[in-house]
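Analysis of the macromolecular model
Residue-level listing of the chains:
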Amino acid sequence: MSELRFDERVALVTGAGGGLGRAHALLLASRGAAVMVNDLGSPTMGGQDHDATPAENVVAEIRALGGIASSNSDSVATRDGAESMVSATIEEFGGLDIVINNAGIIRNRTFLNIGEYEFEPVLDVHVKGCFYVTRPAYEHMKSVGYGRIINTSSGSGLFGSFGQSAYSAAKAAIYGFTRTLAIEGARYGIHVNAIAPGALTRMTGDVLGDDGEIADMTGLTGEDLLMQLGPQQVAPAVVYLAHETCALNGETLSASGGRVARAFMGVTKGIYEEDLTLESVAERIEAICDETNYVVPDNVDKEMQLLLEHFETEK
Ligand code: NAI
């Protein structure tokens, strides 16, 4: 296969001053894209700190390798910040073809230990951040009839994870946002997909680092662990979703350590009863949950069709 290139394409990658975003930005730039490297320079738990250095360092890295990049340190979590980074990208590079919504923070607490002041910033950065950045970018993409948007969800949001109710809620919201925007954007040539990544970064050092389970199982530590589990093992899946030849729309790829898979939402065949009762639900709960021949609906109307099929069968 010939090399997948991004010449003449312009990408905005949020939270690209380190970790996964940096890897996405480096790969895009190495394939010819002009990249706006956004990063607020915030601590892992979020906060008021503001530091332009991480984004500037990644830009210096890209330029040193002969790539095209510029930096921005606005916050995705405010409308002004998001609008300003999108217009700065369009002004600097003359367009915007790709947005990778990657910026994120995390605050691990079991449910009763989360105060509202702790979960709100998590929702602000992930959920509002996705809406705020995507809105002006989508408007531009609609006007030119082309766009690729990749949102960062998480296995934590798709499948659940102890101590992460706020983060999971935010990441599941991003999944729903991706599904619906994909349906709406298709008519404008805009594809919207998501990534559920897993990588050793500062955010995951405690679970995926030298003291984590994978290090225990594999015996890998330090640089070797980073080679196996680093962000560069996720970026190809994300950057593929950004390519013009990628026909996927509304999908979520799960990627970590070199493994890439499709994550999806399905429903079981379930049961149908003309006069449903509490007892019939109780009696048939196993059949309701039986995963044999489960279905993956494209959209909510397709799920409704499953009911229509039951009506047809009963006739
Ligand atoms: P990271 O902490 O290295 O990178 C996140 C970046 O986002 C930081 O550089 C930070 O300064 C920036 N940021 C935070 N708030 C911002 C704001 N308001 N505006 C602009 N930039 C902001 O973490 P990592 O692991 O690279 O995470 C990247 C994304 O992937 C996040 O959305 C995270 O939730 C998600 N993710 C990561 C996983 C992993 O295994 N590392 C697993 C699942 C999801």
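What counts as what
Residues numbered from 1 in each chain as written. Predicted model: local features only at pLDDT ≥ 70, side-chain atom pairs only at ≥ 80, totals over all residues. Heavy atoms only, no water. Pairing = 2+ DSSP bridges. Helix = DSSP H or I, 4+ residues; strand = E, 2+ residues; numbered from the N terminus. Axes fitted to C-alpha atoms, helices over the stretch in contact; angles between N-to-C directions. Contact = heavy atoms within 4.5 Å. Patch = residues over 30% accessible without salt bridge, like charges linked within 9 Å, V, L, I, M, F, W, Y side chains within 5 Å. Areas by Shrake-Rupley, 256 points an atom, 1.4 Å probe, with all protein chains shown as cover. Salt bridge = Lys/Arg side-chain N within 4 Å of Asp/Glu carboxyl O. Lys, Arg positive; Asp, Glu negative; His and termini not counted. Charge placed at Lys NZ, Arg CZ, Asp CG, Glu CD. Buried < 20%, exposed > 50% of the residue type's maximum accessible area, 1.4 Å probe, protein only. Near = heavy atom within 4 Å. Nonpolar A, V, L, I, M, F, W, Y, C, P; charged D, E, K, R; others polar. Core = buried A, V, L, I, M, F, W, Y, C linked by side-chain atoms within 4.5 Å. Parallel < 35°, antiparallel > 145°, perpendicular 65-115°, else oblique. Left-handed = near helix turned anticlockwise from the far one by under 90°. 1 Å grid on protein atoms, 1.4 Å probe; cavity = no way out; pocket = protein on both sides within 12 Å on 5 of 7 lines; lining within 4 Å. Points joined across faces, edges and corners; volume = space filled by probe spheres on them.

The next subject is the sheet that holds strand S6 (residues 190-198). Spatial strand order, S3-S2-S1-S4-S5-S6-S7-S8: eight strands in an open sheet with mixed pairing. One side of each edge strand has no neighbouring strand; the edge strands of this open sheet are strand S3 (68-72) and strand S8 (259-263). Averaged over neighbouring strand pairs, the angle between their axes works out to 20 degrees when direction is ignored. Here strand S7 (residues 252-256) runs beside S8; their pairing, made up of five bridges, is antiparallel. Note that in S8 the partner of Ser-256 across the bridge is Arg-259. Sheet contacts for helix H2 (residues 53-64): strand S2 (34-38) and S3; angle to S3, the most-contacted strand, approximately 175 degrees. With respect to the sheet, helix H4 (residues 116-144) is in contact with strand S1 (10-13), strand S4 (98-101), strand S5 (147-152) and S6, its orientation differing from that of S4 by roughly 170 degrees.

As a further point, take a negative patch on the surface. There is a patch of like negative charges on the surface, built from Asp-210, Asp-211, Glu-213 and Asp-216. Structurally, Glu-213 can be placed in helix H8 (residues 213-218). Judged by its relative accessible area of 60%, Glu-213 is exposed.

A separate point is the site of the ligand. Neighbouring the ligand are 30 residues; Asp-39, Asn-102, Tyr-167, Thr-201 and Arg-202 lie closest to it. Bound to the protein, the ligand loses 96% of the 830 Å² it would expose on its own. For the shell around the ligand, the secondary-structure elements that each account for two or more residues are helix H1 (19-30), H4, helix H6 (165-185) and S6. Of the residues assigned to the shell around the ligand, the class counts are eleven nonpolar, 15 polar and four charged.

Turning to the pattern of salt bridges, a few remarks are in order. Evaluated as defined, the whole model comprises 13 salt bridges. In this structure, the salt-bridge partner of Glu-3 is Arg-5, at a minimum N-O distance of 3.1 Å. When its relative accessible area of 48% is taken as the criterion, Glu-3 is described as partly exposed. When its relative accessible area of 33% is taken as the criterion, Arg-5 is described as partly exposed. A salt bridge links Glu-118 to Arg-109; its shortest N-O distance comes to 2.7 Å. Of the residues examined, Arg-109 reaches a relative accessible area of 29% and is grouped as partly exposed. Residues joined by salt bridges that share partners form a network here, namely Glu-3, Arg-5, Asp-7 and Arg-31.

As a further point, take the nonpolar core. Counting 34 residues, the largest nonpolar core has Leu-12, Val-86, Leu-96, Val-99, Val-133 and Ile-149 as the members making the most contacts within it. Non-local contacts of Ile-149, meaning those with residues more than four positions away in its chain, are made with Val-99, Asn-101, Thr-134, Tyr-138, Met-141, Leu-181, Ile-190, His-191, Val-192 and Asn-193. If you look at the next biggest cluster of nonpolar residues, it comprises 31 residues, including Ala-33, Val-58, Ala-69 and Ala-237.

Attention shifts here to the packing of H1 against H2. It is the contact of H1 with H2, at a shortest axis distance of 10 Å, that shows an interaxial angle of 25 degrees. Here H2 runs roughly parallel to H1, going by the angle between their axes. Two packed elements cross with a definite hand, and for H1 against H2 that hand is right-handed. Here H1 contributes Arg-22, Ala-25, Leu-26 and Ala-29 to the contact with H2, which in turn contributes Val-58, Glu-61 and Ile-62.

Here the second largest pocket defines a volume of roughly 280 Å³. Lining the second largest pocket are 13 residues, with Leu-158, Phe-159, Phe-264, Met-265 and Gly-266 positioned closest to its centre. Counting only elements with at least two residues in the lining of the second largest pocket, the list comes to helix H5 (155-159) and H6. It is H5 that provides the largest number of residues to the lining of the second largest pocket, a total of three residues. Of the residues belonging to the lining of the second largest pocket, the class tally is nine nonpolar, three polar and one charged.

All right, on to a nonpolar patch on the surface then. A cluster of nonpolar residues, Met-304, Leu-307, Leu-308 and Phe-311, forms a patch on the protein surface that exposes about 360 Å² of accessible area. Tracing the backbone through its elements, the reader meets Leu-308 in helix H13 (residues 300-314). Judged by its relative accessible area of 45%, Leu-308 falls in the partly exposed class.

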